[in-house]
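Here is what each chain is made of, one letter per residue.
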Amino acid sequence: MKFQAYPDREMLAMGLADKLASALKNCLLTHPHASFCVPGGTSPGETFATLSGAELDWSRVHVFLNDERWVPEGHARSNTTLLKSTLLTDKAARAQLVPMVNEAPTPEDGIPTLEAGFAGEFPISLLLLGMGADMHTASLFPGADRLAEAMAEDAPTLVPMRAEGAGEPRVTLSRPVLAGAMETHVLIMGDEKRAVLEDARGRNVMEAPIAAFLKDATIHWAP
């Protein structure tokens, strides 16, 4: 694990955006496309706003979320809607979005159709993760109903997930898919999150799912 600290959140956004843009450019030099897997939520918003203006061939970048709440696009809690207003703007509007939700009534009903969209996207070229104060990442929540299935070595690509702290039912990429990424970065902010991350490093991955992805990751932190 590498740890990169920044003096403030503005510098973090600029520095991380530069790292991500460079990684995407390097991938496109030797591959027909780059798969870029990103977190939802508001924390990466400033990074995404900066990255969206990067000069690269966005038409060959395939973007998809780590996970998604099972709500329709346009819903206040939709990560897809948030992503379209932050990353998929400016030059990055030309990127291809791989859907993580559809109109099916439940994740279980919708996953078979969604999985077809991920053909050819693995291994993930570039992975950006976030982390919650409970040590979850993506929708891999401690104590979630299907966490053991999602963390298994033979887990499917997508797993439906319900957890006490998750709110809506969710769909998440599984541990082997995320852990197989060619390059991994983790974005955290604030002293509390830094302390939580340090605590997670020594815990079992079922207690602290983020720990499954830290060994080869670069952590980007600002106070």
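Please refer to the structure higher up on the page.
Residues numbered from 1 in each chain as written. Predicted model: local features only at pLDDT ≥ 70, side-chain atom pairs only at ≥ 80, totals over all residues. Heavy atoms only, no water.

Asker: Please explain the nonpolar core as it appears in this structure.
Answerer: One recurring pattern in soluble globular proteins: nonpolar side chains tend to sit buried together. If you look at the biggest cluster of nonpolar residues, it comprises 76 residues, and the most contacted ones within it are Phe 36, Trp 58 and Leu 87. A per-element tally of this core places helix 1 (residues 9–30) first, with nine residues. For Phe 36, the residues in contact, after removing those within four places along its chain, are Leu 20, Leu 24, Leu 51, Val 61, His 62, Val 63, Phe 64, Leu 87 and Leu 126. (Core = buried A, V, L, I, M, F, W, Y, C linked by side-chain atoms within 4.5 Å. Buried < 20%, exposed > 50% of the residue type's maximum accessible area, 1.4 Å probe, protein only. Helix = DSSP H or I, 4+ residues; strand = E, 2+ residues; numbered from the N terminus. Contact = heavy atoms within 4.5 Å.)

Asker: Got a minute to help me understand the packing of aromatic side chains in this structure?
Answerer: Ring pairs (aromatic) are described by centroid distance and by the angle formed between their planes. For the structure shown, the criterion picks out four aromatic pairs. Their ring planes at 35° and their centres at 6.2 Å tell us that Phe 3 and Trp 221 sit as a pair that is tilted. With Phe 3 in strand 1 (residues 2–5) and Trp 221 in strand 10 (residues 217–222), the pair connects residues that are 218 residues apart, well separated along the chain. In this structure Phe 3 comes out as partly exposed when scored by relative accessible area, which is 30%. What makes Trp 221 buried here is its relative accessible area of 8%. (Phe/Tyr/Trp six-rings, centres within 6.5 Å; stacked < 30°, edge-to-face > 60°.)

Asker: Looking at this model, I keep getting lost on the sheet that holds strand 10. Mind explaining?
Answerer: Each strand in a sheet pairs with its neighbour through backbone hydrogen bonds, running either in the same direction (parallel) or in the opposite one (antiparallel). Read across the open sheet, the seven strands follow the order 1-10-9-6-2-3-5; overall the sheet is parallel. Because the sheet does not close on itself, it has two edges, and the strands there are strand 1 and strand 5 (96–97). When strand 9 (residues 184–189) meets strand 10, the two strands line up parallel, connected through six bridges. The residue of strand 10 that forms the bridge with Thr 184 is Ala 217. Each of strand 2 (34–38), strand 3 (61–65) and strand 5 touches helix 3 (residues 79–86); the most contacted strand, strand 3, lies at about 140° to it. Here helix 7 (residues 191–200) sits on the sheet in contact with strand 1, strand 9 and strand 10, set at roughly 135° to strand 9. (Pairing = 2+ DSSP bridges. Axes fitted to C-alpha atoms, helices over the stretch in contact; angles between N-to-C directions.)

Asker: Would you take a moment to explain the pairing of strand 6 (residues 126–129) for this structure?
Answerer: For a regular strand, side-chain orientation follows a simple rule: the groups alternate between the two sheet faces. With burial as the criterion, each face of strand 6 is covered, one bearing Leu 126 and Leu 128 and the other bearing Leu 127 and Leu 129. The pairing of strand 6 with strand 9 spans three bridges and is classified as parallel. In the sheet register, Leu 129 faces strand 9, and the bridge partner there is Val 186.

Asker: Explain the layout of surface pockets here, please?
Answerer: Empty space among the atoms becomes visible once a probe the size of a water molecule is rolled across them. Here the largest pocket is characterised by a volume of approximately 420 Å³. Lining the largest pocket are 22 residues, and of these Gly 40, Gly 41, Gly 130, Met 131 and His 136 sit closest to its centre. Contributions of two or more residues to the lining of the largest pocket are made by strand 4 (67–69) and strand 9. If you tally residues by element for the lining of the largest pocket, the top one is strand 9, at three residues. A class-by-class count of the residues in the lining of the largest pocket yields eight nonpolar, 10 polar and four charged. (1 Å grid on protein atoms, 1.4 Å probe; cavity = no way out; pocket = protein on both sides within 12 Å on 5 of 7 lines; lining within 4 Å. Points joined across faces, edges and corners; volume = space filled by probe spheres on them. Nonpolar A, V, L, I, M, F, W, Y, C, P; charged D, E, K, R; others polar.)

Asker: What is the right way to read empty space enclosed by the protein from this model?
Answerer: Tallying each qualifying case throughout the model produces one cavity of 30 Å³ or more. The space that makes up the largest cavity amounts to roughly 40 Å³. Residue lining of the largest cavity: Pro 39, Gly 40, Gly 41, Pro 44, Gly 45, Phe 48, Asn 79, Leu 82, Leu 83 and Thr 86, and that is the complete set. The set of elements that each furnish at least two residues to the lining of the largest cavity consists of helix 2 (45–51) and helix 3. Residue contributions to the lining of the largest cavity peak at four residues, all from helix 3. Here the residues of the lining of the largest cavity sort into five nonpolar, five polar and no charged.

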